[in-house]
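# Architecture and fold: a report
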Amino acid sequence: MWTADSFQRDVSAGTWVDESLKRFAIDHRAGLVGQVVPPEFDAYARIFHPAHRRTGPSAGQREPITWHAVAAANERTAHPLMEWEFLLPTPAARKGQPGLWDEAPIPGELTGPTAEALIGVLANFTTTPDQCWYAIWEGSTLLDDVRENAGLLQAGNMAMFLLTDSITAAGTQFRNLLSPNLWWPDDRAWCVATDIDLMASYVGASTECVHAITNCSDLEALEVSATMSVQWDSDTINPRPDNRS
């Protein structure tokens, strides 16, 4: 678990994030990729948080299920702007589809094998793997014990606590329930954003790095652009959910 000693009073290492997000927001409408992850990069990837199916004795184990698999089973189209509810056949299916999935993707959490696979890719695309920066939304009640001892970084419309660690050591932290909402290496070769309201994470990086992410068999990721939408109604290909206006 992140500890109070890891958090930074000096948050100047993250001011570039806030400046970049706000510059982009001035020139564009709301709800775009470039307002979630800093629009400073050559390419971007959207990483879909997996759904899960309970398996094993007494359904005590969990198997990750991709959005592509859910789309195919429900005769929907998988594409970069697909939204979870648009892949489901009925509103009732939001509670699960027996034999297909039992647990929907979790908003705002990049954890487990997905995080570890991403770390494995990103470690190859930075010259500063021993110093990375991690920002966690200050609204998390799990951070109550650090509020008086940590500085707050403003990142767009959100305030975050900032801490530092190596990318290797951070892999352990992602197995817990407090994954960062923004993280980047000291050389700023890439940046990962996991918005608290979204079922997908976004990575800004070099074209080579983004291609490595989208080609990784342990990740479900598609390439997007900074000007693509992240809002719930961005899916214009699949049928709109019945009870959405």
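Residues numbered from 1 in each chain as written. Predicted model: local features only at pLDDT ≥ 70, side-chain atom pairs only at ≥ 80, totals over all residues. Heavy atoms only, no water.

### Considerations on the packing of helix α3 (residues 112-122) against helix α5 (residues 207-214)
Two numbers describe a pair of packed helices, the interaxial angle and the distance between the axes. Between α3 and α5, the least distance of the axes is 10 Å, while the angle of their chain directions is 145°. Along this stretch, α3 crosses α5, giving a crossing that reads as right-handed. Taking contact as the criterion, the partners of L118, V121 and L122 in α3 are, on α5, C209, A212 and I213. Broken down by class, the residue content of the contact of α3 with α5 amounts to 6 nonpolar, no polar and no charged. (Axes fitted to C-alpha atoms, helices over the stretch in contact; angles between N-to-C directions. Helix = DSSP H or I, 4+ residues; strand = E, 2+ residues; numbered from the N terminus. Left-handed = near helix turned anticlockwise from the far one by under 90°. Contact = heavy atoms within 4.5 Å. Nonpolar A, V, L, I, M, F, W, Y, C, P; charged D, E, K, R; others polar.)

### Looking at the nonpolar core
Counting residues in each nonpolar core, the largest one holds 32 residues, and the members touching the most others are L118, L122, W183 and I213. It is α3 that contributes the most residues to this core, 6 residues altogether. Not counting residues within four places of it along the chain, the set of residues in contact with L118 comprises I47, L110, W183, V192, V203, I213 and L219. Formed by 27 residues, the second largest nonpolar core is a distinct cluster that contains V33, V36, L198 and Y202. (Core = buried A, V, L, I, M, F, W, Y, C linked by side-chain atoms within 4.5 Å. Buried < 20%, exposed > 50% of the residue type's maximum accessible area, 1.4 Å probe, protein only.)

### Here we look at helix α1 (residues 15-27)
The terminal C-alpha atoms of α1 lie 19 Å apart, and with 13 residues this matches the ideal 18 Å at 1.5 Å per residue to within 8%. Three or more residues of α1 are buried, namely W16, V17, D18, S20, L21 and F24. Each element contacted by the buried residues of α1 is listed here: β5 (152-155), β7 (182-185) and β8 (191-193). (Expected span 1.5 Å × (residues − 1).)

These values are about where atoms sit, not about what they do.
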